[in-house]
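Chain residues, written in single-letter form:
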Amino acid sequence: MDLTYKRKNVLKEVDEEEKEVVFSYAEGYKTFLDNGKTEREAVAETIAMAKKAGYKEYALGQKIEPGDKLFFNNRGKSLFLIKAGKKELIEEGIRILVAHVDSPRLDLKQVPLYEKNELAYLKTHYYGGIKKYQWMTIPLALHGVIVKKDGSKVEVKVGENDDDPVFYVTDLLPHLSQEQNEKKVSVAFNPEKLNILVGAIPLPEEEKDAVKKGVLEILNKLYGISEEDFLSAEIEAVPAFKARDVGFDRALVASYGHDDRVCAYPEITATLGTETDRTVMTILADKEEIGSEGNTGMQCDLIADLIDCIADGYGVSSALLRARSKCLSADVTAAYDPAYADAFEEKNVAYLGKGVAMNKFTGARGKSGSNDASAEYVGFLRCLFEKEGVIWQTGELGRVDLGGGGTVAKYLANRNIDTVDLGVPVLSMHAPYELIGKADLYQAHKAFSAFIK
């Protein structure tokens with residue numbers, strides 16, 4: 001008997017039939033990625049999927065009863081799916097899945113448009129943890145909403161179609177980069193210079209800001225807006241890339257926004273496609289990349305309000321319901337990269353192709369800022385995954401004291417809910433074009449299905 005622990009390579013373990021399922025499942029995921037590059041778009045895409053599955057919109061205060069399939073749309077930027085199970089099982093708690101649908105990006109400032117030397121630009125403020133140089137010299141698309149002073153809302157999406165223009169942040173040519181090259185990467189790229197080039201044709205009759213005014217004329221024709229309308233707009237600059245297979249064997253997928261839509265999509269498909277008698281709450285959260293703040297982030301009391309509504313509908317104690325509930329914080333983790341091996345501790349890191357990855361803790365340095373899941377809860381999941389044939393592995397976010405990161409797990413655990421991080425390993429995390437394995441994606445779907453079943 002071999003008593004040692006060994007990770008399994010998913011595509012070595014499964015048969016040809018399941019391998020076909022793995023690759024087919026990834027096609028739906030790629031479509032989801034391309035259609036949902038922002039939190040608003042991901043929420044809208046999910047609502048459409050939920051409606052097809054028979055879910056109805058829920059309003060706070062409505063009674064929740066066994067058999068209900070509901071969605072609560074929180075300001076268009078976060079979403080709660082509630083599948084109300086059998087009454088006799090409610091005292092076993094709610095099975096909660098939570099992933100986030102915001103991703104690192106460049107946001108337009110509130111007064112973004114300016115002209116310099118007959119070139120028009122939009123000023124940005126970066127959102128989340130990025131390497132600033134990675135966002136320069138790549139094609140960008142603009143997505144978002146503009147709310148005009150009369151209260152009407154205009155949706156913006158330009159740069160995705162083949163005949164759309166794209167947008168661009170310039171960088172200094174290598175011939176003139178000697179001073180830039182001598183600086184640390186952290187200071188070599190000034191965030192105030194991450195401005196997007198959007199126009200170069202001056203209006204012939206204008207003496208001042210002729211290019212800027214030309215851009216405003218185009219925007220007015222397209223969207224009926226003036227410069228002042230940027231004050232109440234949320235416009236995000238995201239990579240204009242499509243999700244694409246990588247490698248001759250097509251085992252990998254490159255895309256913008258794997259973090260964390262690679263966990264959001266399998267939790268959605270598991271929720272909508274798994275028959276269960278349990279009560280399930282599936283959450284797509286906003287603002288994780290900036291600390292889960294605000295009324296669309298997981299620090300908001302809304303989750304407690306909705307659990308209270310479920311408890312009231314079933315006639316049980318809300319405190320008891322939380323204490324008996326279980327949660328998977330579905331967030332990505334760092335995949336081992338042989339090109340940067342010294343950043344990892346090889347025995348305790350997730351690997352591409354070896355299944356969905358559990359991080360017992362995240363945080364930084366001495367586990368600071370982390371939910372450190374209990375051995376009992378990890379043991380419960382081990383038994384469950386073994387029974388359901390889920391291939392999984394353990395992981396840790398890099399070498400001790402090198403860095404670290406956080407997830408929403410602690411915000412669920414702070415409400416007395418057993419929680420652990422379980423997600424898909426990612427190469428080049430937070431880059432404009434990240435990389436995941438199709439096998440790990442599908443094992444996430446299997447894990448979430450097993451958890452709520």
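Summary of the structure given here. Because the structure is a prediction, the values reported are computed rather than measured.

With respect to the environment of T394
Along the chain, T394 turns up in strand β18 (residues 392–394). Put simply, T394 and R278 are 116 residues apart on the chain and 27 Å apart in space, counted from C-alpha to C-alpha. When neighbours within four sequence positions are excluded, T394 is seen to be in contact with Y5, R7, V349, A350 and M358. Reaching out from T394, the side chain makes a polar contact with the backbone oxygen of M358 at a distance of 3.4 Å.

Here's the deal with the side chain of R105
Mapped onto the elements, R105 comes out in strand β5 (residues 105–116). Each residue touching R105, except ones within four places of it in the same chain, is listed here: E39, Y126, Y127, I130, W135, E236, A237, V238 and Y256.

Some words on the sheet that holds strand β10 (residues 233–239)
Taken in spatial order, the 6 strands make up an open sheet running β8-β7-β10-β5-β6-β9, and their pairing is antiparallel. If you trace the sheet from one side to the other, it starts and ends with β8 (153–158) and β9 (196–199), each paired once. Neighbour-to-neighbour, the strand axes of this sheet turn through a mean angle of 30°, independent of strand direction. Both strand β7 (residues 140–147) and β10 contribute to a ladder of 7 bridges, which runs antiparallel.

Side note on the environment of N181
Inspection of the secondary structure assignment puts N181 in helix α4 (residues 178–181). With relative accessibility at 57%, the residue N181 sits in the exposed group. Separated by 129 residues in sequence, N181 and I310 have C-alpha atoms that sit 57 Å apart.

Let's talk about helix α8 (residues 302–314)
Relative to the 18 Å expected for 13 residues at 1.5 Å per residue, α8 spans 19 Å between its end C-alpha atoms, a close match to the ideal helical length. Those residues of α8 that sit buried are L302, I303, A304, L306, I307, C309, I310, A311, G313 and Y314. On the buried face of α8, the contacting elements are β2 (69–74), β3 (78–83), β4 (95–100), β13 (280–285), α9 (318–324) and α11 (409–413). Within two residues after α8, G315 carries a phi angle of roughly 70°, on the positive side.

A word on the sheet that holds β4
The 9 strands lie next to each other as β1-β2-β3-β13-β4-β14-β20-β16-β18, forming an open sheet whose pairing is mixed. Pairing within the sheet leaves two strands with one partner each, and these edge strands are β1 (56–57) and β18. As paired strands, β3 and β13 are joined by 5 bridges and run antiparallel to one another. Bridged to K83 within β13 is V280. Docked against the sheet, helix α3 (residues 39–52) engages β2, β3 and β13, running at close to 20° with respect to β3. Along the sheet face, helix α12 (residues 438–452) touches β4, β13, β14 (326–329), β16 (356–359) and β20 (418–423) and points at about 150° away from the line of β4.

Brief notes about the pattern of salt bridges
Side-chain pairs of opposite charge can arise whenever the charged atoms involved come near each other. Applying the stated criterion across every chain, the model contains 28 salt bridges. Here E160 ties to K242 by a salt bridge, and the two come within 3.7 Å at their closest N and O atoms. Taken together, the positions of E160 in the loop between β8 and α4 and K242 in the loop between β10 and β11 (244–246) put the pair 82 residues apart, joining distant regions of the chain. On the basis of relative accessibility, which here comes to 36%, the residue K242 falls in the partly exposed class. A salt bridge links K287 to D286, with the shortest nitrogen-to-oxygen separation between them at 2.9 Å. Here K287 falls in the buried class, since its relative accessible area comes to 17%. Taken together, the salt bridges that share partners define one network made up of E27, K30, D245, R250 and K438.

What about the side chain of T276?
Within the secondary structure, T276 is located in the loop between α7 (258–273) and β13. When its relative accessible area of 15% is taken as the criterion, T276 is described as buried. A polar atom in the side chain of T276 sits 3.1 Å from the backbone nitrogen of R278. A polar side-chain atom of T276 sits 2.5 Å from the main-chain carbonyl oxygen of I452.

Structural notes on the packing of aromatic side chains
Enumeration over the complete set of coordinates arrives at 13 aromatic pairs. Plain terms: the ring middles of Y29 and Y265 are 5.7 Å apart, the flat faces sit at 45° to each other, and that makes the pair tilted. Here the residue Y29 occupies a position in helix α2 (residues 16–35), and Y265 occupies one in helix α7, the gap between them amounting to 236 residues. Judged by its relative accessible area of 9%, Y265 is buried. Between Y133 and F189, the aromatic rings sit 5.6 Å apart at their centres with planes inclined by 45°, giving tilted as the arrangement. On the criterion of sequence distance, the pair formed by Y133 in the loop between β6 (119–127) and β7 and F189 in the loop between α5 (185–188) and β9 is long-range, its members being 56 residues apart. Within the aromatic cluster, the residues linked to one another by ring pairs are Y25, Y29, F32, Y265 and Y442.

What counts and how
- Residues numbered from 1 in each chain as written.
- Predicted model: local features only at pLDDT ≥ 70, side-chain atom pairs only at ≥ 80, totals over all residues.
- Heavy atoms only, no water.
- Helix = DSSP H or I, 4+ residues; strand = E, 2+ residues; numbered from the N terminus.
- Contact = heavy atoms within 4.5 Å.
- Polar contact = N/O pair within 3.5 Å; in protein donor to acceptor, adjacent residues only side chain to side chain.
- Pairing = 2+ DSSP bridges.
- Axes fitted to C-alpha atoms, helices over the stretch in contact; angles between N-to-C directions.
- Buried < 20%, exposed > 50% of the residue type's maximum accessible area, 1.4 Å probe, protein only.
- Expected span 1.5 Å × (residues − 1).
- Salt bridge = Lys/Arg side-chain N within 4 Å of Asp/Glu carboxyl O.
- Phe/Tyr/Trp six-rings, centres within 6.5 Å; stacked < 30°, edge-to-face > 60°.

These figures come from the coordinates and say nothing about function on their own.
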